[in-house]
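The residues making up each chain are set out below.
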There are 2 protein chains.
Amino acid sequence: MDTHLHHNTHQHTEEHLESSDFLRDVVIGMSDGLTVPFALAAGLSGAVASSNIIVIAGIAEIAAGSIAMGLGGYLSGKTEQDHYTNEEKREHFEVENLREREIEETKEFFANIGLSKEVQEQATEEIARDKDRWVSFMMKYELGLDKPDPKRATKSALNIGISYIVGGIIPLSPYFFTENAIDGLKYSAIATLICLFIFGYVKSKMTGVKPLWGALRVTLIGATAAAAAFGVAKLFD
Amino acid sequence: MDTHLHHNTHQHTEEHLESSDFLRDVVIGMSDGLTVPFALAAGLSGAVASSNIIVIAGIAEIAAGSIAMGLGGYLSGKTEQDHYTNEEKREHFEVENLREREIEETKEFFANIGLSKEVQEQATEEIARDKDRWVSFMMKYELGLDKPDPKRATKSALNIGISYIVGGIIPLSPYFFTENAIDGLKYSAIATLICLFIFGYVKSKMTGVKPLWGALRVTLIGATAAAAAFGVAKLFD
């Protein structure tokens with residue numbers, strides 16, 4: 001029974017980790033994709049009458065935002081990889097050349113988690129027998145770094161970029177079908193706030209936040225951003 | 001000597017961790033703040049002749065983007081906190097009520113890092129003596145969760161939002177002083193690409209990426225986003 005429960009937990013944790021990178025990307029891309037083009041279009045509706053300019057500005061924003069966020073995701077993935085590789089080289093060097101110091105650091109890890117002097121010594125002695133395993137241990141538990149997936153950066157860029165475009169089309173599409181900007185804004189606000197609510201609900205379910213509360217928070221952010229953009233644009237008009 | 005080096009490393013690591021949250025926020029806010037308003041204004045320059053509309057659109061975008069990103073940072077900080085609190089409760093419950101299973105999981109941790117059966121047993125027995133310490137250990141090393149700073153969410157929102165505004169003013173300001181959009185675009189491109197290069201250089205220095213290469217990558221993202229927005233806006237005009 002214990003083993004059964006135990007295995008379930010582990011399976012659960014691993015599934016959670018595998019899908020969480022993808023979902024995190026979609027959440028990052030879609031929440032900004034829904035919010036920023038929505039708020040930009042709302043802001044422009046306060047300042048210009050024709051929905052034509054809003055469509056052009058919105059499309060320019062979606063192109064800019066999806067590329068900036070997508071490539072930003074790529075870059076941060078690459079940076080994470082470079083960082084991991086550099087730190088791994090350093091740990092290998094230290095294990096080879098600064099063995100005494102690494103032994104002290106390993107002992108300190110075991111001291112910090114609350115083991116006795118005796119078990120600290122034994123555990124360190126056992127870990128230090130296999131240098132590769134020792135380096136993995138130091139990477140993960142001294143530095144808190146997980147080995148990044150080498151395809152992560154590219155996948156991340158695509159996931160974020162596409163989610164941004166998908167999100168951005170929703171608030172913008174009403175302006176395609178209306179002459180007047182304020183009419184477009186009405187339909188855009190209805191469509192976007194509903195989508196933000198659903199999106200916030202699903203996202204909260206996944207991350208273990210109370211779904212209704214989470215959905216309201218996400219919707220409120222979108223509404224606040226749009227109202228601020230509307231007000232500021234009217235002010236500078 | 002060993003101890004000295006060792007202490008230095010630890011101090012270094014901790015300073016790195018303390019400032020890294022702030023710097024991460026600034027990097028997140030400023031890179032998007034420099035890139036997206038720059039690209040949006042560039043896109044509009046391809047489609048509208050007057051720089052007046054670009055200024056209004058740019059200001060609406062900066063308002064929208066800073067709020068969306070700032071509040072987004074706030075929300076993700078809060079979510080992280082809720083998640084930590086929930087998981088901590090669960091671990092406390094498990095340590096109280098599913099002791100055998102937690103003992104197995106703790107042993108498994110020590111088995112995975114390569115300790116012998118004997119040391120696994122001893123280490124687990126010692127850790128399980130103090131329930132609070134045991135829970136902290138499981139939180140950090142089984143689940144890989146660090147206790148979040150409760151003020152983090154608010155600080156993060158402000159850091160990201162303000163960095164976005166500061167970043168966004170740079171590409172937009174030339175349009176304030178030019179009548180013609182294309183003139184504005186020229187000065188905006190020069191000012192923004194220089195700032196992106198400096199920003200990319202400093203960011204790369206901090207994260208341990210080759211600075212020149214990192215600076216070029218960041219600049220290229222900005223230029224690509226602007227070119228795409230320009231092209232797409234012209235297409236839809």
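Here's a quick rundown of the structure. (Residues numbered from 1 in each chain as written. Chains lettered and ligands numbered in written order. Predicted model: local features only at pLDDT ≥ 70, side-chain atom pairs only at ≥ 80, totals over all residues. Heavy atoms only, no water.)

### Quick notes on helix H7 (residues 181-207) of chain A
Residues and elements named next belong to chain A.
- The end-to-end C-alpha distance of H7 is 37 Å, a good match for the 39 Å that 27 residues give at a rise of 1.5 Å each.
- Every buried residue of H7 is accounted for by Ala181, Gly184, Leu185, Ser188, Ala189, Thr192, Leu196, Phe199, Gly200, Lys203 and Ser204.
- Between the side-chain oxygen at the start of H7 and the backbone nitrogen of Ile182 there is a gap of 2.8 Å, and the oxygen is on Asn180.
- Directly after H7, the chain includes Gly208, whose backbone phi takes a positive value near 80 degrees. (Helix = DSSP H or I, 4+ residues; strand = E, 2+ residues; numbered from the N terminus. Expected span 1.5 Å × (residues − 1). Buried < 20%, exposed > 50% of the residue type's maximum accessible area, 1.4 Å probe, protein only. Polar contact = N/O pair within 3.5 Å; in protein donor to acceptor, adjacent residues only side chain to side chain.)

### Things to note about empty space enclosed by the protein
- Across all of its chains, the model carries four cavities of 30 Å³ or more by this definition.
- Considered as a void within the structure, the largest cavity measures approximately 70 Å³ in volume.
- Lining the largest cavity are Asp32, Val36, Glu61, Gly65, Met69 and Tyr164 of chain A together with Asp32, Val36, Glu61, Gly65, Met69 and Tyr164 of chain B.
- Contributing elements (two or more residues each) for the lining of the largest cavity: helix H1 (2-45) and helix H2 (51-97) of chain A together with helix H1 (2-45) and helix H2 (51-97) of chain B.
- Of the residues contributing to the lining of the largest cavity, the split by class is six nonpolar, two polar and four charged. (1 Å grid on protein atoms, 1.4 Å probe; cavity = no way out; pocket = protein on both sides within 12 Å on 5 of 7 lines; lining within 4 Å. Points joined across faces, edges and corners; volume = space filled by probe spheres on them. Nonpolar A, V, L, I, M, F, W, Y, C, P; charged D, E, K, R; others polar.)

### Regarding the packing of helix H4 (residues 117-127) of chain A against helix H4 (residues 117-127) of chain B
- Here H4 of chain A crosses H4 of chain B at 140 degrees, and the two axes come no closer than 10 Å. In terms of orientation, H4 of chain A lies oblique with respect to H4 of chain B. Between H4 of chain A and H4 of chain B lies a crossing whose hand is left-handed. Each of Glu118, Val119, Gln122, Ala123 and Glu126 of chain A in H4 of chain A lies in contact with H4 of chain B, whose residues at this interface are Glu118, Val119, Gln122, Ala123 and Glu126 of chain B.
- Class assignment for the residues of the contact of H4 of chain A with H4 of chain B results in four nonpolar, two polar and four charged. (Axes fitted to C-alpha atoms, helices over the stretch in contact; angles between N-to-C directions. Parallel < 35°, antiparallel > 145°, perpendicular 65-115°, else oblique. Left-handed = near helix turned anticlockwise from the far one by under 90°. Contact = heavy atoms within 4.5 Å.)

### Focus: a nonpolar patch on the surface
Residues and elements named next belong to chain A.
- A surface patch of nonpolar side chains, amounting to about 780 Å² of accessible area, comprises Tyr187, Ile190, Ile194, Ile198, Tyr201, Val202, Met206 and Leu212.
- In terms of residue count, the dominant contributor to the nonpolar patch is H7 (seven residues).
- With respect to the helices and strands, the residue Ile198 is situated in helix H7.
- You can call Ile198 partly exposed: its relative accessible area is 48%. (Patch = residues over 30% accessible without salt bridge, like charges linked within 9 Å, V, L, I, M, F, W, Y side chains within 5 Å. Areas by Shrake-Rupley, 256 points an atom, 1.4 Å probe, with all protein chains shown as cover. Salt bridge = Lys/Arg side-chain N within 4 Å of Asp/Glu carboxyl O.)

The analysis is restricted to geometry; functional conclusions fall outside its scope.
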